Amino acid sequence: MAVRIGDVAPDFTADTSQGKINFHEWMGDGWAILFSHPKDYTPVCTTELGRVAKLKGEFDKRGVKVFALSVDKVADHKGWINDINETQHTTVDYPIIGDPDRKIANLYDMIHPNAIDNMTVRSVFIIGPDKKLKLTLTYPASTGRNFNEILRVIDSLQLTAKYSLATPADWTPGQDCIIATSVKDEEIPAKFPKGYKAVKPYLRTTPQPNL
Ligand code: BEZ
């Protein structure tokens with residue numbers, strides 16, 4: 001069964017490189033990303049896991065816990081983590097799930113047998129504090145993901161959660177945001193004291209409030 005935006009992220013308990021973890025308990029009241037890798041000791045994945053380790057401070061700042069999954073055993077992950085640390089000049093300090101029986105991969109529909117046999121594709125899930133899926137992404141095995149884009153989406157989602165704001169095409173942090181249509185004009189001055197522009201009655205923008 002496909003998991004979709006708005007669904008509760010399926011809960012599970014898994015062996016990871018940092019011990020047994022129950023997903024929902026481990027998330028607590030914060031945000032999480034769960035991202036999958038086709039296989040241990042593969043080149044693209046090695047660079048991706050290293051990149052995420054380097055960005056860990058950015059995820060921490062946003063209150064986002066990071067969880068990776070690869071369909072091999074935790075014992076294999078441990079040797080691979082040493083290689084990632086060595087080749088990517090970093091320290092992987094977030095858990096990597098071992099999923100040799102594909103239980104979690106199947107729960108999250110990460111196996112696309114017509115794409116790559118029996119391995120997970122490169123899925124990304126962003127999960128909110130309400131445990132609901134806020135983003136799902138699927139990349140092919142041959143394309144390493146852009147984790148700056150994942151951070152950008154998290155920034156946008158957190159503006160939506162806190163301020164009822166949306167973000168326009170190609171938005172990057174610091175640029176004007178879009179006021180949700182659910183916010184009435186008369187509510188704007190109290191909610192967005194930095195002011196706003198009404199380009200059209202349905203397209204109202206305001207400076208990013210949390211800068
Ligand atoms: C990789 O991570 O390099 C990779 C994994 C599976 C298929 C192709 C590439």
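Here the structure is shown first, and the text comes after it.
These remarks concern the structure in this document. (Residues numbered from 1 in each chain as written. Predicted model: local features only at pLDDT ≥ 70, side-chain atom pairs only at ≥ 80, totals over all residues. Heavy atoms only, no water.)

1. Details of the sheet that holds strand β11 (residues 203–206)
Read from one edge of the open sheet, 4 strands run β8-β9-β11-β10, paired in antiparallel fashion. Each having just a single partner strand, β8 (165–166) and β10 (197–200) make up the two edges of the open sheet. The pairing of β10 with β11 spans 3 bridges and is antiparallel. Bridge pairing links Lys197 to Thr205 in β11. (Pairing = 2+ DSSP bridges. Helix = DSSP H or I, 4+ residues; strand = E, 2+ residues; numbered from the N terminus.)

2. Here's the deal with the site of the ligand
In the region of the ligand, the neighbouring residues are Pro38, Thr42, Pro43, Val44, Cys45, Arg122 and Ala141. A distance of 3.2 Å separates an oxygen atom of the ligand from a polar atom in the backbone of Pro43. Arg122 has a polar side-chain atom sitting 2.9 Å from an oxygen atom of the ligand. When the ligand is considered free in solution it has 260 Å² of accessible area, and contact with the protein chains removes 78% of it. For the shell around the ligand, the per-class residue count stands at 5 nonpolar, 1 polar and 1 charged. (Near = heavy atom within 4 Å. Polar contact = N/O pair within 3.5 Å; in protein donor to acceptor, adjacent residues only side chain to side chain. Areas by Shrake-Rupley, 256 points an atom, 1.4 Å probe, with all protein chains shown as cover. Nonpolar A, V, L, I, M, F, W, Y, C, P; charged D, E, K, R; others polar.)

3. Remarks on the pairing of strand β4 (residues 64–70)
Judged by how many residues are buried, β4 sits mostly within the fold: 6 of 7 residues are covered. As defined by bridge partners, strand β3 (residues 31–37) adjoins β4 across 7 bridges and the pair is classed as parallel. Paired with Phe35 across the bridge in β4 is Ala68. Handedness of the β4-helix α4 (residues 74–88)-strand β5 (residues 96–98) crossover: right-handed. (Buried < 20%, exposed > 50% of the residue type's maximum accessible area, 1.4 Å probe, protein only. Right-handed = clockwise from strand over helix to strand, strands pointing away.)

4. Regarding unusual backbone geometry
Phi is positive for Asp109, which is not a glycine, with a value near 55 degrees. Here Asp109 shows up in the loop between α5 (103–107) and β6 (122–127). By relative accessible area, which is 30% here, Asp109 ends up partly exposed. Unlike most non-glycine residues, Asp170 shows phi in positive territory, near 60 degrees. Mapped onto the elements of the fold, Asp170 is located in the loop between β8 and β9 (177–179).

5. Quick notes on the packing of aromatic side chains
A full pass over the atoms with the stated rule returns 10 aromatic pairs. Linked through ring pairs, Phe12, Phe23, Trp26, Phe67, Tyr108 and Phe125 together constitute an aromatic cluster. (Phe/Tyr/Trp six-rings, centres within 6.5 Å; stacked < 30°, edge-to-face > 60°.)

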